[in-house]
Each structure stands twice: as structure tokens, then as C-alpha cells.
Amino acid sequence: MRIEHLHQRLADLGAKPVHVQRMLRAWTHALPLDAGPSRRGPALPAGVVAALPALEAELAGLARVHAEHPGEDGSARLLVQLGDRQTVESVLLPRDGLCVSSQVGCAVGCVFCMTGRDGLLRQVGSAEIVAQVVLARARRPVKKVVFMGMGEPAHNLDNVLEAIQLLGSEGGIGHKNLVFSTVGDPRVFERLPEGPVKPALALSLHTSRANLRAELLPKAPPMTPEEIVERGEAYARATGYPIQYQWTLLDGINDTPEELDGIVRLLSGKYAIMNMIPYNTIPDLPYRRPAWEKAADIARQLHRRGILTKLRNSAGQDVDGGCGQLRARAIAGEAPIRVIKRQRS
């Protein structure tokens, strides 16, 4: 189901725009569709009231929690089952955040990522995306939503933007707290500025070298790192939100002095934040995460050279290393792996 289909369903039942707005606000906040005393708005039409049980059951069936795995950091990975029994992952993040998935699988084929190994299975509808937020809000407050789960949001642009518009209006989430994450796609830079809700933008860079980027992200649009940063900077200046550049640290591959020079060359003077994320090791892939001390030193070096850098750990690492692993283990009938992490001084 797409949100536009829900709009039409309610209109066919006699709902006027004010009723639709009220019901969507209730749904996105994990409340009954008829929530709120009647004095706060007009009474719902009789046709809508009669259809409420079926509507609520249908919305509840869009996404259900198949499994929940709490992390030691206050996060929780959710394996979410959609109406056709396909599964995606959502992550409840510390400090009222949520990471949602926009596709079942992914077509970008990043060589270090579990999600894309089977390719794209199907798109996640806009209502299914919002349903992930509803599931999370039934458990805890959600004030920030990042589109960094399974899938490439640029490859499901209509559904993702439709979900963003609803979450940034009736959903009550601040526009800069809706974060659209992409490997970089010309359509993103064209479409995001057009809507009434303009999300923050996170761009997956991973390297400053075009040839290495083509190896790591073999099916990403053929944009060079320079082109991505140029388009990102224009969006940052237009919206007033800094671009969040994502850099997955791969030991011995993109954590070299040459890459640090490349980052400084690309981002000096830019309205940007560099998020360094040590790789979540996947057992049967050849890539490894660098030592934490090395990652911390990289962040310090970039800071000294004028690049605002944050060293981040992916939420819930002690449950399943990276996005897509929880789903893969469920399909294989395996239990999630809990990693015992060495304490850092």
C-alpha cells in the first residue's frame, strides 16, 4: 500500500481532507485512527467509522515485528515482516532515533554489504515505510528517522519521498531529523529540493578515488567523488543542513594516509560532517574493520586538518554485525550472533 492509496480509500468512504489529516496523524503516532476527542476536530463520517476495524487491521498487517534483539547500547534491531512475509530490518537507535528500510534487498551491490548480495527483491511501499515508524513508536518515542536500513532510497524515490512528506507533516518529525541516505544519484539532487519537506542528506562516499569507488560500489551511478561533493554542497547551502558524508572504514583499503589527504581535498571549506564508521565484519567476506585505536587516530587527524569528523559505532553491533545480517540469519534458520566487545579505555 502507498500513502496515496490510503488517501483515496478514506476519500471513497466519505472522509474530507480534515478527516484524512486527523487519521493519518493518529496512525503515524501509533494511536487508534479515531483517536482524540471530537471537540478537536469534526466527527468522522459514518462510512469511515464503519470501516475502522478493517482499516486498522489492514494497517497493522503492513508491518509486524517478527523478532526483536536489544543491544547493549540501548538500541534494538527489529526484524520486520511485511504483508507478503518478506522481511526488512529496522533499528531503534539511542536518543529517540530510528533507522528504516526502503527496499527488500538492494541493487547497488556494495561489495562489503550483506543486504545487496541477493540483489533487489522488491520495493517497500510508502505506507510500509511509515508502518516501521509506527511499530517503533509503539515501543518508544521516535523524533528522528534515518533512511539508512536495507536498500538504496534513490532507487525507490517516489515511495521514500511520499513517506518523508507524511512523517515531516502529520508525523511531527522535524525536517532536518529526516535523513535521506544515498550512494549518490542525480535524481536525488533534482527531486529533494522540490518537496515541502526537505530532509537532511547523507551521502555514502567511502573513498576519495573514483576507481576504488567503482570497485566498492559496482552498480552505483557513475558519479565521481568530486561530483557527489559538489552536488551535496549545493543542497547543503540551499537547505541550511550540513551534508553527512558516510565513510565505512575498511582495514587497509580506505583508511590510508592517501585517503585522508583525499578527504581533506574534497571537504575543506564544505558545509559537511564526516561520519567515520568502522566496518561491521561479515564472516564470509574478505573485509575487516580496523582497530578502534586506528579509527580514532584517523578522526583526530581529520579534526586537526579542519574536517568536522565523528567516529561512530553502528547501533546494535553486539547482536548482528551489519544491516541485512539479521534477515539473512532468519532466512537460514540461524540464531543471531552476539558479539562480546572489548571494553575501550
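Residues numbered from 1 in each chain as written. Predicted model: local features only at pLDDT ≥ 70, side-chain atom pairs only at ≥ 80, totals over all residues. Heavy atoms only, no water.

(A) View of the overall build of the protein chain. Along its length, the protein chain carries eleven helices and twelve strands. For the protein chain, restricting intrachain contacts to residue pairs at least 6 apart in sequence, the fraction spanning at least 24 positions comes to 66%. Carbon and sulfur atoms make up 52% of the accessible area of the protein chain, which totals about 15,100 Å². (Helix = DSSP H or I, 4+ residues; strand = E, 2+ residues; numbered from the N terminus. Contact = heavy atoms within 4.5 Å. Areas by Shrake-Rupley, 256 points an atom, 1.4 Å probe, with all protein chains shown as cover.)

(B) Representation of unusual backbone geometry. The phi dihedral of Arg85 falls on the positive side, at around 75°, and the residue is not glycine. Its place among the elements puts Arg85 in the loop between strand S2 (76-82) and strand S3 (87-93). Take Arg85: its relative accessible area is 63%, and that puts it in the exposed class. Despite not being glycine, His206 shows a phi value in the positive range, around 70°. As for its placement among the helices and strands, His206 is situated in the loop between strand S9 (200-204) and helix H7 (210-216). (Buried < 20%, exposed > 50% of the residue type's maximum accessible area, 1.4 Å probe, protein only.)

(C) Here's a closer look at the sheet that holds strand S12 (residues 309-311). Strand order in the open sheet made by the ten strands is S1-S2-S3-S4-S7-S8-S9-S10-S11-S12, with mixed pairing throughout. Of all the strands in the sheet, just strand S1 (63-70) and S12 have a single pairing partner and so form its edges. Strand-to-strand twist in this sheet, taken as the mean axis angle between neighbours without regard to direction, amounts to 25°. Bridge analysis of S2 against S3 gives six bridges, and the strand direction is antiparallel. Each residue of the ladder has a partner; that of Ala76, found in S3, is Leu92. Set on the sheet, helix H10 (residues 292-304) makes contact with strand S10 (243-249), strand S11 (272-278) and S12; between it and S12 the angle comes to about 165°. (Pairing = 2+ DSSP bridges. Axes fitted to C-alpha atoms, helices over the stretch in contact; angles between N-to-C directions.)

(D) Geometry of a positive patch on the surface. There is a patch of like positive charges on the surface, built from Arg95, Lys144, Lys310 and Arg312. Turning to its location among the elements, Lys310 is positioned in strand S12. (Patch = residues over 30% accessible without salt bridge, like charges linked within 9 Å, V, L, I, M, F, W, Y side chains within 5 Å. Salt bridge = Lys/Arg side-chain N within 4 Å of Asp/Glu carboxyl O. Lys, Arg positive; Asp, Glu negative; His and termini not counted. Charge placed at Lys NZ, Arg CZ, Asp CG, Glu CD.)

(E) The arrangement of the pairing of S2 in detail. The buried fraction of S2 is high, at seven of seven residues. Alternating residues of S2 divide into Ala76, Leu78, Val80 and Leu82 and Arg77, Leu79 and Gln81, and every residue in both groups is buried. Looking at chain direction, S1 and S2 are connected through seven bridges and run antiparallel. Bridge pairing links Ala67 to Leu79 in S2. Hairpin geometry of S1 and S2 is characterised by an intervening segment of five residues between the two adjacent antiparallel strands and by a positive phi of about 90° at Gly74. Taking the residues between adjacent antiparallel strands as the criterion, S2 and S3 are bridged by four residues, where Arg85 takes a positive phi near 75°.

(F) Representation of the packing of helix H1 (residues 3-12) against helix H2 (residues 17-28) in the model. Two elements in contact, H1 and H2, have axes separated by 10 Å at closest approach and are oriented at 130°. One element, H1, and the other, H2, form an angle in the oblique class. The way H1 lies across H2 gives a crossing that is right-handed. Here Leu6, His7 and Leu10 of H1 come into contact with H2, specifically with Val20, Met23, Leu24 and Trp27. Residue composition of the contact of H1 with H2, by class: six nonpolar, one polar and no charged. (Parallel < 35°, antiparallel > 145°, perpendicular 65-115°, else oblique. Left-handed = near helix turned anticlockwise from the far one by under 90°. Nonpolar A, V, L, I, M, F, W, Y, C, P; charged D, E, K, R; others polar.)

(G) Quick look at the environment of Asn156. You can see Asn156 is positioned in the loop between strand S7 (144-147) and helix H5 (157-167). You can call Asn156 buried: its relative accessible area is 5%. Separated by 34 residues in the primary sequence, Asn156 and Arg122 have C-alpha atoms spaced 9.6 Å apart. With residues up to four places along the chain from it excluded, the contact list for Asn156 reads Ser102, Gln103, Gln123 and Val124.

(H) Examining the pattern of salt bridges more closely. Following the criterion strictly, the structure yields 17 salt bridges and no others. The closest approach of N and O atoms between Lys294 and Asp255, which form a salt bridge, is 2.7 Å. Here Lys294, found in helix H10, pairs with Asp255, found in the loop between S10 and helix H9 (257-267); they are 39 residues apart in sequence, far enough to count as distant. Three or more residues joined by partner-sharing salt bridges are found here, namely Arg2, Glu4 and Glu162.

(I) Looking closely at the packing of aromatic side chains. The tally for this structure, following the rule as stated, stands at two aromatic pairs. Ring centres of Phe112 and Tyr279 lie 6.2 Å apart, and the angle between their planes is 90°; on these two criteria the pair is classed as edge-to-face. On the criterion of sequence distance, the pair formed by Phe112 in the loop between strand S5 (103-105) and strand S6 (120-123) and Tyr279 in the loop between S11 and H10 is long-range, its members being 167 residues apart. Considered together, Phe112 and Tyr279 belong to a single accessibility category, that of buried residues. (Phe/Tyr/Trp six-rings, centres within 6.5 Å; stacked < 30°, edge-to-face > 60°.)

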